[in-house]
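# Observations on chain architecture
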Amino acid sequence: MVSIPGEPTLPEYARSVNMNTSDGPRDVWRYNPWRAPGSAPVFGSGCGSAGGGALPYQNGGNPPPGIPLGFDGAMMPPTVPVVWARGTEVAVAFALEANHGGGYSYRLCPAWERTTEECFQRTPLRFGSDKTSWLVYANGSKIEFPRVQVDEGTTPAGSEWARNPVPTCALCDPHSTCGPPLKPERCDNFTTGGCPQGSIRATCGDACFPGDTFAAGCPGPQYRCHGVPPPGSFAEQQQCYANCAGSFDGKIRPTEALNDRGPLPGGCPAGTAAFPEPAPHVSGFNDGGVHDWDWSVMDLVKVPPELRPGRYVLSWRWDGEQSAQIWQNCADLQVM
């Protein structure tokens, strides 16, 4: 969980959630990373930190199977690099599962230097000149839409960022419904064992609550068992905030109930999308990892002509607005 170091600098047109509130106590997400893009600190070296950081927090994530909590993504072994030519525009893309609003940027760090967030911030990439993005579906089809781009109030100064094009839903006012933001709470009392009778089976990445059990005996590699978050807890409030943004009945629904519901049409209820959808029914919070969206968000970025040829690391950074979180991932490149 991270926050910006000062007051918001994001222009109002680039907001993604709670659109009609911009100051005062009702602006519950005022200090979340997207409100001053690029300024909030990150854990790790700019390639992500497994599970979100070295310490477990309520509403936090879990690392992939076999990876320790807090593992620095920059330490992953190199892969076969993708080749980019200097002075060209190339395609990049990412996929969403839980939609926390905000926006993203792509950056480079030379592989012959130490991989750090500071190194990535020295070479932010600019987007393609026509301000067009695409939804690219698993079957290869594409839907074009205009990109909302911002270079004002960003870090480093003048760096280009794009708003996450998928609107969350505006189903309730987060301040009046859920209260002012609470301080994040650690999860210090995890136990291991089987699922207690009456508990809810939740997949990796769901909110952790006091008394959670990592259940090695449950189906799936990292199933976890827990019940209802304690009243007044940080976890309960985060679930409430997510419900206001369209996660419906929260992140702790029994997977059995979800499977019984069958295919869902997707999208926010009519008239509740925070801003215009990039395509029909492309909105909301996603559906708990059961009916995942089958598309990625694709952009073109410019490869600077002045780059020295050689190996580089590409970093994608997504600053959340509906949550105090930053997501990052990296890829290996060969620049010719």
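Thresholds, definitions, all that
Residue numbers run consecutively from 1 along every chain, following the written order of its sequence. Local features in this predicted model are restricted to residues whose pLDDT is 70 or higher, and side-chain atom pairs enter the listing and the counts only when it is 80 or higher, whereas totals over whole chains, interfaces and linings include all residues. Only heavy atoms go into the side-chain values, all of them from the structure, while hydrogens and water stay out. Put simply, DSSP marks the helices as runs of H or I at least four residues long and the strands as runs of E at least two long, and each gets a number from the N terminus on. In this description, contact between two residues means that some pair of their heavy atoms is separated by no more than 4.5 Å. When the sulfur atoms of two cysteines come within 2.5 Å, that pair is taken as a disulfide. We define a salt bridge as a side-chain nitrogen of Lys or Arg found within 4 Å of a carboxyl oxygen belonging to Asp or Glu. The classification of residues rests on relative accessible area computed with a 1.4 Å probe and restricted to protein chains. Under 20% of the type maximum is buried, over 50% is exposed, and intermediate values are partly exposed. Strand pairing is defined by DSSP finding a minimum of two bridges between the two strands. The set of buried Ala, Val, Leu, Ile, Met, Phe, Trp, Tyr and Cys residues whose side-chain atoms join them within 4.5 Å is what this entry labels a nonpolar core. Fitted lines through C-alpha atoms give the axes, limited to the stretch in contact for helices. The angle between two N-to-C directions lies from 0 to 180 degrees. Confidence of the predictor at the level of single residues is captured by pLDDT, which takes values from 0 to 100. Side-chain rings of Phe, Tyr and Trp, where Trp is taken by its six-membered ring, are said to pair if the distance between their centres is within 6.5 Å; with planes under 30 degrees apart they count as stacked, over 60 as edge-to-face, and otherwise as tilted.

### Observations concerning the overall build of the protein
Of the regular secondary structure elements, the protein holds four helices and 14 strands. Across the protein, the fraction of contacts at a sequence separation of at least 24, relative to all contacts at a separation of at least 6, is 69%.

### Considerations on the state of the cysteines
By the definition in use, this model includes five disulfides. With its sulfur 2.1 Å from that of its partner, Cys109 forms a disulfide with Cys119. Since a negative S-S torsion denotes a left-handed disulfide, the Cys109-Cys119 link at about 95° is right-handed. Linking Cys109 in strand β3 (residues 103–110) with Cys119 in helix α1 (residues 117–121), this pair joins segments that are ten residues apart in sequence.

### Brief notes about the pattern of salt bridges
With the rule as written, the count across this model stands at 14 salt bridges. The shortest N-O distance in the salt bridge between Arg15 and Asp27 comes to 3.9 Å. Placement of the pair is Arg15 in the segment before β1 (82–84) and Asp27 in the segment before β1, with a sequence separation of twelve residues. Overall, Arg15 belongs to the buried group, its relative accessible area being 1%. Beyond isolated ion pairs, a larger network of salt bridges with shared partners links Glu7, Glu12, Arg15, Asp27, Arg30, Arg35 and Glu321.

### Some remarks on unusual backbone geometry
Both trends apply: most residues other than glycine have a negative phi, and most peptide bonds are in trans. Cis geometry is adopted by the peptide bond preceding Pro156, which originates at Thr155 and carries an omega value of -5°. Looking at the secondary structure, you find Pro156 in the loop between β6 (149–150) and β7 (161–163). If you check the backbone angles, Lys131 has positive phi at about 55° while not being a glycine. The topology assignment puts Lys131 in the loop between α1 and β4 (132–137). Residue Lys131 is classed as partly exposed on the basis of its relative accessible area of 46%. The backbone phi angle of His281 is positive, close to 70°, even though this residue is not glycine. Examined against the element boundaries, His281 turns out to sit in the loop between α4 (255–261) and β12 (295–302).

### Looking at the sheet that holds strand β13 (residues 310–319)
Taken together, six strands build an open sheet; the order of strands is β1-β14-β13-β3-β7-β6 and the sheet is mixed. The open sheet has two edge strands, β1 and β6, and neither has a second partner. Across ten bridges, β13 lies against strand β14 (residues 326–335) in antiparallel orientation. Note that in β14 the partner of Trp318 across the bridge is Trp327.

### Thoughts on the nonpolar core
Counting residues in hydrophobic clusters, the biggest one holds 29 residues, and the most contacted among them are Trp84, Tyr104, Tyr106 and Trp295. Residue assignment for this core shows that the elements contributing at least two residues are β2 (89–95), β3, β4, β12, β13 and β14. Per-element tally for this core: the top contributor is β13, with four residues. Apart from residues no more than four positions distant in its own chain, Trp295 is found in contact with Ala95, Leu96, Leu135, Val136, Tyr137, Val166 and Val282. Counting residues in each nonpolar core, the second largest holds seven residues, with Val17, Trp29, Cys240 and Cys244 among its members.

### Quick notes on the sheet that holds β4
Strand pairing in a sheet relies on backbone hydrogen bonds, with the paired strands running either antiparallel or parallel. Within the open sheet, the four strands sit side by side as β2-β12-β4-β5. Their pairing is antiparallel. The open sheet has two edge strands with one neighbour each: β2 and β5 (142–146). Between one strand and the next, the sheet's axes are offset by a mean angle of 30°, whatever the strand orientation. Where β4 meets β5, five bridges bridge the pair, whose relative direction is antiparallel.

### Observations regarding the environment of Lys142
Mapped onto the secondary structure, Lys142 falls in strand β5. Along the primary structure Lys142 and Ser296 are separated by 154 residues, whereas in three dimensions their C-alpha atoms are 9.6 Å apart. The residues touching Lys142, leaving out its near neighbours within four places in the chain, are Trp134, Leu135, Val136 and Met298.

### A few points about the confidence of the model for the protein
Considering every residue of the protein, the mean pLDDT works out to 83; 79% of them sit at 70 or more. The low-confidence segment residues 189–207 (pLDDT under 50) makes 59 contacts with residues lying over four places distant or belonging to another chain. Overall, residues 249–265 carries pLDDT values under 50, and its contacts beyond four positions in sequence, including any with other chains, amount to 40 contacts.

### Digging into the packing of aromatic side chains
Under the criterion given, the structure shown has ten aromatic pairs. Aromatic pair Trp34 and Trp161: ring centres 6.2 Å apart, planes at 55°, arrangement tilted. With Trp34 in the segment before β1 and Trp161 in strand β7, this pair connects stretches of sequence that are 127 residues apart. When its relative accessible area of 1% is taken as the criterion, Trp161 is described as buried. Each ring, one from Tyr104 and one from Phe127, has its centre 6.1 Å from the other, and the planes form 85°; the classification is edge-to-face. Of this pair, Tyr104 sits in strand β3 while Phe127 sits in the loop between α1 and β4, and the two are 23 residues apart along the sequence. One exposure class covers both Tyr104 and Phe127, and it is buried. Taken together, the ring pairs in this structure connect Phe94, Tyr104, Tyr106, Phe127, Trp316, Trp318 and Trp327 into an aromatic cluster.

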